[in-house]
Amino acid sequence: AQSVTQPDIHITVSEGASLELRCNYSYGATPYLFWYVQSPGQGLQLLLKYFSGDTLVQGIKGFEAEFKRSQSSFNLRKPSVHWSDAAEYFCAVGRDSGGGADGLTFGKGTHLIIQP
Amino acid sequence: ETGVTQSPTHLIKTRGQQVTLRCSSQSGHNTVSWYQQALGQGPQFIFQYYREEENGRGNFPPRFSGLQFPNYSSELNVNALELDDSALYLCATKGWEYAEAFFGQGTRLTVV
């Protein structure tokens, strides 16, 4: 069965500092990997996704993620965070761009706090 | 703005009651998925509908059921509500099999 682990429940970063959010996955086939962001009381917004090709993926809002097959990881990074990046971040895995008939499997999320 | 609209935004129900949540999608989005997001957790897949037929289901009991209409809008019905059904319910729609799914803002259900 597929699973996603986000080991950090909370992360606090100073504004302007770099950010890395960790994600490890388990999936039986070649997965689609996703990072979503959720602001309080809001739905999910896709930051980026990966299926094949270049293992460094660029997304919106200055985010990027690197796929490492050997480590089953798909970590999200941003070189310089802004106060508006404070939100909940979810890593997810699925069998196609929209999740397929099995849907997307999400991690439990990482809550990002930005210090002034 | 994703073009996916969910209603209502919030509602409160009593244990044992039934509830219907609604989702309308962008034009041409023929696939809809529903997710349950409990407080402090990631979303969990409930089921997916494609052209009015359920074609995938997560680990949820039969009292969670759905409908998709010819205009591709959708309903999630939950019978015999339990306290643990309190959650944010999200729908996601897409236009073709391998397309990106777009999420609505969700319906916050509280069961008391």
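Residues numbered from 1 in each chain as written. Chains lettered and ligands numbered in written order. Predicted model: local features only at pLDDT ≥ 70, side-chain atom pairs only at ≥ 80, totals over all residues. Heavy atoms only, no water.

Asks: What should I look at first to understand the state of the cysteines in this one?
Replies: Think of a disulfide as a covalent bridge from one cysteine sulfur atom to another cysteine sulfur atom. Inspection of every chain in the model, using the stated rule, returns 2 disulfides over all chains. Disulfide partner of Cys23(A): Cys91(A), at an S-S distance of 1.9 Å. Judged by the sign of its S-S torsion, about -65 degrees, the cystine formed by Cys23(A) and Cys91(A) is left-handed. Taken together, the residues Cys23(A) in the loop between β3 (19-21) and β4 (24-26) and Cys91(A) in strand β10 (residues 87-94) connect sequence positions 68 residues apart. Neither Cys23(A) nor Cys91(A) differs from the other in exposure class; each is buried. The residue that forms a disulfide with Cys23(B) is Cys91(B), at a sulfur-sulfur distance of 2.0 Å. (Disulfide = S-S within 2.5 Å. Helix = DSSP H or I, 4+ residues; strand = E, 2+ residues; numbered from the N terminus. Buried < 20%, exposed > 50% of the residue type's maximum accessible area, 1.4 Å probe, protein only.)

Asks: When you look at the interface of chain A and chain B in this model, what are you seeing that I'm missing?
Replies: How big an interface is tends to be expressed through the accessible area that disappears when the partners come together. Facing 21 residues of chain A, the contacting portion of chain B comprises 22 residues. Between chain A and chain B, roughly 1,600 Å² of surface is buried when both sides are summed, and carbon and sulfur atoms account for 50% of that area. Applying the counting rule to chain A against chain B returns 0 salt bridges. The tally of links between chain A and chain B comes to 4 residue pairs in polar contact (both at pLDDT 80 or more). Taken together, the residues of the side of chain A that touches chain B sort by class into 7 nonpolar, 10 polar and 4 charged. (Contact = heavy atoms within 4.5 Å. Buried area = accessible area lost by both parts, 1.4 Å probe. Salt bridge = Lys/Arg side-chain N within 4 Å of Asp/Glu carboxyl O. Polar contact = N/O pair within 3.5 Å; in protein donor to acceptor, adjacent residues only side chain to side chain. Nonpolar A, V, L, I, M, F, W, Y, C, P; charged D, E, K, R; others polar.)

Asks: How should I be thinking about the sheet that holds strand β3 (residues 19-24) of chain B in this particular structure?
Replies: Strand pairing in a sheet is mediated by backbone hydrogen bonds. Such pairs are either parallel or antiparallel. All names here are of chain B. Overall, antiparallel pairing links the 4 strands, which are arranged β1-β3-β8-β7 in an open sheet. A single partner strand is all that each edge strand has here, and the edge strands are β1 (5-7) and β7 (64-68). Strand after strand, the sheet turns through a mean of 20 degrees between neighbouring axes, direction not considered. As defined by bridge partners, β3 adjoins strand β8 (residues 74-78) across 5 bridges and the pair is classed as antiparallel. Residue Thr 20 lies in a different strand from β8, and its bridge partner there is Asn 77. (Pairing = 2+ DSSP bridges. Axes fitted to C-alpha atoms, helices over the stretch in contact; angles between N-to-C directions.)

Asks: Would you take a moment to explain the nonpolar core for this structure?
Replies: General note: in soluble globular proteins, nonpolar side chains tend to be found buried as a group. Within the largest apolar cluster, 27 residues are counted, with the highest numbers of intra-cluster contacts made by Leu19(A), Trp35(A), Leu47(A), Leu48(A), Phe74(A), Leu76(A) and Tyr89(A). The element best represented in this core is β10(A), accounting for 4 residues. Leu19(A) has contacts with Ile11(A), Val13(A), Phe63(A), Leu76(A), Arg77(A), Lys78(A), Val81(A) and Leu112(A), leaving out every residue within four places of it along the chain. One finds Val4(B), Cys23(B), Ile46(B) and Leu109(B) within the second-largest nonpolar core, a separate group that totals 20 residues. (Core = buried A, V, L, I, M, F, W, Y, C linked by side-chain atoms within 4.5 Å.)

Asks: Explanation requested: the pairing of strand β9 (residues 73-78) of chain A in the structure shown.
Replies: When a strand is regular, its side chains alternate between the sheet's two faces. Residue and element names in this part refer to chain A. Extensive coverage of β9 is indicated by the burial of 5 of its 6 residues. Pairing analysis gives 3 bridges linking β3 to β9, with the strands arranged antiparallel. The residue of β9 that forms the bridge with Leu 19 is Lys 78. Alignment of strand β8 (residues 64-68) against β9, held across 5 bridges, turns out to be antiparallel. When the bridges of β9 are listed, Ala 65 appears paired with Leu 76. Count of turn residues in the β8/β9 antiparallel hairpin: 4 residues, of which Ser 72 carries a positive phi of about 50 degrees.

Asks: Help me understand unusual backbone geometry, please; the structure alone is not making it clear to me.
Replies: Peptide bonds are, in most cases, trans, and in most cases residues other than glycine have a negative phi. Pro8(B) follows Ser7(B) through a cis peptide bond whose omega is -10 degrees. Mapped onto the secondary structure, Pro8(B) falls in the loop between β1 and β2 (10-13). Residues other than glycine seldom take positive phi values, yet Lys61(A) does so here, at roughly 60 degrees. Looking at the element boundaries, Lys61(A) is found in the loop between β7 (56-58) and β8. Exposure remark for Lys61(A): the relative accessible area of 47% places this residue in the partly exposed category. Its identity as a non-glycine residue notwithstanding, Ala80(B) has a phi of 50 degrees, on the positive side. Mapped onto the elements of the fold, Ala80(B) is located in the loop between β8 and β9 (87-94). Residue Ala80(B) is classed as partly exposed on the basis of its relative accessible area of 41%.

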